[in-house]
Amino acid sequence: MEFDTIAAVSTALGEGAIGIVRLSGDEAIQIADKIYIGKKSLQEVPSHTIVYGHLIDPKTQERVEEAMVSVLRAPKTFTREDVIEINCHGGIMSVNRVLQLVLKNGARLAEPGEFTKRAFLNGRIDLSQAEGVMDLIRAKTDKAMNIALNQVEGRLSKKIQTLRQALLETVANVEVNIDYPEYDAETMTHDLLKTKASFVISEIEKLLQTAEQGKIVREGLSTVIIGRPNVGKSSLLNSLVHENKAIVTDIPGTTRDVIEEYVNVRGVPLRLVDTAGIRETEDIVERIGVERSRQVLKEAELILLVLNNGDDLTDEDVALFKAVEKMNVIVIVNKTDQERKIDIERVKHLNEGRPLVTTSLIEDSGVEDLEQAIASLFFSGGLEAEDVTYVSNSRHIALLEQSKSTIEDAMAAIDMGVPIDLVQIDVTRTWELLGEIIGDSVQDSLLDQLFSQFCLGK
Ligand code: GDP
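Residues numbered from 1 in each chain as written. Predicted model: local features only at pLDDT ≥ 70, side-chain atom pairs only at ≥ 80, totals over all residues. Heavy atoms only, no water.

Visitor: Can you lay out the overall build of the chain for me, pointing to particular residues and giving the numbers?
Guide: The helix and strand inventory of the chain stands at 18 helices and 14 strands. Sequence-distant contacts, at least 24 apart, represent 69% of the contacts inside the chain between residues at least 6 apart. (Helix = DSSP H or I, 4+ residues; strand = E, 2+ residues; numbered from the N terminus. Contact = heavy atoms within 4.5 Å.)

See the structure below:
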């Protein structure tokens, strides 16, 4: 495919030692050459080398920057196009000036994700790999990073291709059957179809089994800490944040502009929702009546309900148990350094067998137990072995579920004696659905939407 030449700042905007402006396209080298002065022109430089020189404004001949320029010729580049990477000083002014220069000299400002989109459109990576690239950038824990890396390296793609191949073979067989009805292969085709279909179903099931954990690792668990005033919610939040690496992310442009705080608890990324609310509002119980808090609770995947060991259970405590019925709750009986007044048997009864831990946050005890409880609640048995292919992306999960139900329809149809050419429709549809995961036959609008979620310059 042929595209114009795009450019963007590819490093994070801010003060850093080095900033990189990247160009990709047929004219990348030519455009960079207009603004570059070094020993040789960039056109003469061998591919995959980096050269020192100065950047000038060709209009005024004024020196703008000192730079190291990488010349990477197609096809062995990220986009499979000619790529130039200009390494300049890392200040915001500096990289922006270099970007403006290349834009004035013939490049177009890239859209978010456009470099990766070209890598996809030029066939270097498939869609699930491209999505893996984005996950890699956004990964917040080592486990999330590993899953993303496997995806970038094409593990999921290979799996999907194997399944599609199996389906294709049966389709081919059915075609033969339709074209040569006199050649009595109907039973053979039925048998083959059933064998292949059950293989595909069991493989999809295996993938879907990893989905729940995969999704948690990728997206984090939205977690809400609730409890009466003064039971120790803020103390709990602080100790979780202090003992674990907290990652604060600001995701502008999403439906809710929220500042989210992540803590990594034994590989489970907890997304502490509405932490500002917990910090600022003393009376969370009062706020339960507020619609917004209800919503936050409703969306929570994990509730940490804090109680005071040194105090009797109150109606408010009981009301909180009611509010979180049927949810993933871990009860934390805090302040065990104080004499027990709470009716622990009643707490256990109210909690209906869900995990309960005791802590003294002031003495820093019990937090490990809590972390263990969180980890075993979601990863009972721990994360599986390294060689498992994880599915973590909601789009992939949805497509796998659709594929599974479609191929199951085909199986049922065979059993009911439906003519083979009708069964084939479902088989073909399954093949298409699986194809969407790796970007075969996806609509442009979906591509635009997916790549627009990337960061600028990627
Ligand atoms: P919140 O209102 O639920 O957020 O509670 P805070 O975390 O602000 O704690 C309220 C008070 O209880 C503070 O003075 C804490 O120092 C104290 N506190 C928290 N945890 C413990 C504990 O385990 N034992 C004792 N004795 N006091 C605690």
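Visitor: Residues and numbers for the site of the ligand, please.
Guide: In the neighbourhood of the ligand, 16 residues make up the surrounding shell, with Asn 230, Lys 233, Ser 234, Ser 235 and Asp 337 lying closest. Separating an oxygen atom of the ligand from a backbone N or O atom of Val 231 is a distance of 3.3 Å. Here an oxygen atom of the ligand sits 2.5 Å away from a polar atom, N or O, in the side chain of Ser 235. Protein burial of the ligand: of its 580 Å² of free accessible surface, 76% is covered by the chains. Per-element tally for the shell around the ligand: the top contributor is helix α9 (residues 233-243), with three residues. (Near = heavy atom within 4 Å. Polar contact = N/O pair within 3.5 Å; in protein donor to acceptor, adjacent residues only side chain to side chain. Areas by Shrake-Rupley, 256 points an atom, 1.4 Å probe, with all protein chains shown as cover.)

Visitor: Help me get a handle on the pairing of strand β13 (residues 329-334), residues and values and all.
Guide: For β13, a buried count of six out of six residues is recorded, marking the element as mostly surrounded by other parts of the structure. Residues Val 329, Val 331 and Val 333 of β13 are buried on one face, and the alternating residues Ile 330, Ile 332 and Asn 334, pointing to the opposite face, are buried as well. Both strand β12 (residues 302-308) and β13 contribute to a ladder of six bridges, which runs parallel. When the bridges of β13 are listed, Leu 307 appears paired with Val 333. Where the polypeptide runs from β12 across helix α13 (residues 315-323) and back to β13, its parallel neighbour, the crossover connection is right-handed. Inspection of the sheet shows β13 paired to strand β14 (residues 356-358) by three bridges, in the parallel sense. Counted as the bridge partner of Ile 332 is Val 357 from β14. Read as a crossover between parallel neighbours, the route from β13 over helix α14 (residues 344-351) to β14 is right-handed. (Buried < 20%, exposed > 50% of the residue type's maximum accessible area, 1.4 Å probe, protein only. Pairing = 2+ DSSP bridges. Right-handed = clockwise from strand over helix to strand, strands pointing away.)

Visitor: An account of helix α16 (residues 394-415) is needed here, citing residue identities and associated values.
Guide: In a regular helix each residue adds 1.5 Å, so 22 residues correspond to 32 Å; α16 covers 32 Å between its end C-alpha atoms and thus fits that length. With a side-chain oxygen lying 2.8 Å from the backbone nitrogen of Arg 395, the N-terminal cap of α16 falls on Asn 393. Phi turns positive, to about 80 degrees, at Gly 417, one or two residues after α16. (Expected span 1.5 Å × (residues − 1).)

Visitor: Run through the side chain of His 396, naming residues and quoting values.
Guide: Looking at where His 396 falls in the secondary structure, it is placed in helix α16. If we skip the residues at most four places from it in the chain, His 396 touches Ser 128, Glu 131, Gln 151, Leu 156, Val 391 and Ile 437.

Visitor: Provide a residue-level description of a nonpolar patch on the surface, including the pertinent values.
Guide: Taken together, the side chains of Ile 50, Tyr 52 and Met 68 define a hydrophobic patch exposed on the protein surface, amounting to about 280 Å² of accessible area. On the basis of relative accessible area, Tyr 52 is assigned to the partly exposed category, the value being 44%. (Patch = residues over 30% accessible without salt bridge, like charges linked within 9 Å, V, L, I, M, F, W, Y side chains within 5 Å. Salt bridge = Lys/Arg side-chain N within 4 Å of Asp/Glu carboxyl O.)

Visitor: Lay out the pattern of salt bridges with the relevant residues and their values.
Guide: With the rule as written, the count across this model stands at 23 salt bridges. Close ionic contact of Arg 108 with Glu 114 constitutes a salt bridge, the shortest N to O distance being 2.7 Å. Taking relative accessible area as the criterion, Arg 108 reaches 28% and is therefore assigned partly exposed. Glu 408 is the salt-bridge partner of Lys 404, the closest N and O atoms lying 3.5 Å from each other. You can see Lys 404 and its partner Glu 408 sitting in helix α16, four residues apart, about one turn around the helix. Residues participating in the shared-partner salt-bridge network are Asp 4, Glu 81, Arg 108, Glu 114 and Arg 118.

Visitor: Explain the packing of aromatic side chains to me, and be specific about the residues and the numbers.
Guide: For the structure shown, the criterion picks out one aromatic pair. The ring of Phe 115 is capped by Arg 22, whose NZ or CZ atom sits 4.2 Å from the centre of that ring. A cation over a ring is seen here: Arg 164 above Trp 431, with NZ or CZ 4.0 Å from the ring centre. (Phe/Tyr/Trp six-rings, centres within 6.5 Å; stacked < 30°, edge-to-face > 60°. Lys NZ or Arg CZ within 6 Å of the ring centre and 35° of its normal.)

Visitor: Tell me about the environment of Glu 205, and name the residues and values.
Guide: With respect to the element layout, Glu 205 can be found in helix α7 (residues 186-209). Remark: the alpha-carbon pair of Glu 205 and Glu 401, spanning 196 residues in sequence, is separated by 8.7 Å.

Visitor: So, the sheet that holds strand β1 (residues 6-9): which residues are in play, and what are the values?
Guide: Within a sheet, adjacent strands bond to each other through the backbone by hydrogen bonds, running parallel or antiparallel. Within the open sheet, the seven strands sit side by side as β3-β4-β5-β6-β2-β1-β7. Their pairing is mixed. Where the open sheet ends on each side, the last strands, each with one partner, are β3 (36-38) and β7 (108-109). Each of β2 (18-24), β3, β4 (49-57), β5 (62-72) and β6 (83-89) is contacted by helix α1 (residues 28-35), which is oriented at about 70 degrees to β3, the strand it contacts most. (Axes fitted to C-alpha atoms, helices over the stretch in contact; angles between N-to-C directions.)

Visitor: Which residues make up helix α2 (residues 92-104), and what are the values?
Guide: In this model α2 runs 18 Å from its N-terminal to its C-terminal C-alpha over 13 residues, within 8% of the 18 Å that 1.5 Å per residue would give. All of the buried residues along α2 are Ser 94, Val 95, Val 98, Leu 99, Leu 101 and Val 102. The buried residues of α2 occupy an angular sector of 155 degrees when projected down its axis, which confines them to one face. Exposed side chains of α2 directed beyond 90 degrees from the buried face belong to Met 93 and Lys 104. (Arc of directions from axis to C-beta.)

Visitor: Please give an account of the side chain of Asp 33 that cites residues and values.
Guide: Summarising the element assignment, Asp 33 is placed in helix α1. No salt bridge is formed by the buried Asp 33; its nearest oppositely charged neighbour, Arg 73, is found at 7.6 Å. (Lys, Arg positive; Asp, Glu negative; His and termini not counted.)

Visitor: Go over the confidence of the model for the chain with me, naming the residues and quoting the values.
Guide: Chain-level pLDDT for the chain is 85 on average; 87% of the residues reach the 70-or-more range. The lowest-confidence element of the chain is strand β9 (residues 246-250), averaging 48 in pLDDT; the highest-confidence one is α1, averaging 97. (pLDDT = per-residue confidence, 0-100.)

Visitor: Describe unusual backbone geometry, and please don't skip the residues or the numbers.
Guide: Peptide bonds are trans in most cases, and residues, glycine excluded, mostly fall at negative phi. In this structure, Pro 75 follows Ala 74 across a cis peptide bond, with omega equal to 5 degrees. On the secondary structure map, Pro 75 appears in the loop between β5 and β6. Located in the positive-phi region is Arg 80, a residue other than glycine, with phi close to 65 degrees. Checked against the element boundaries, Arg 80 lands in the loop between β5 and β6.

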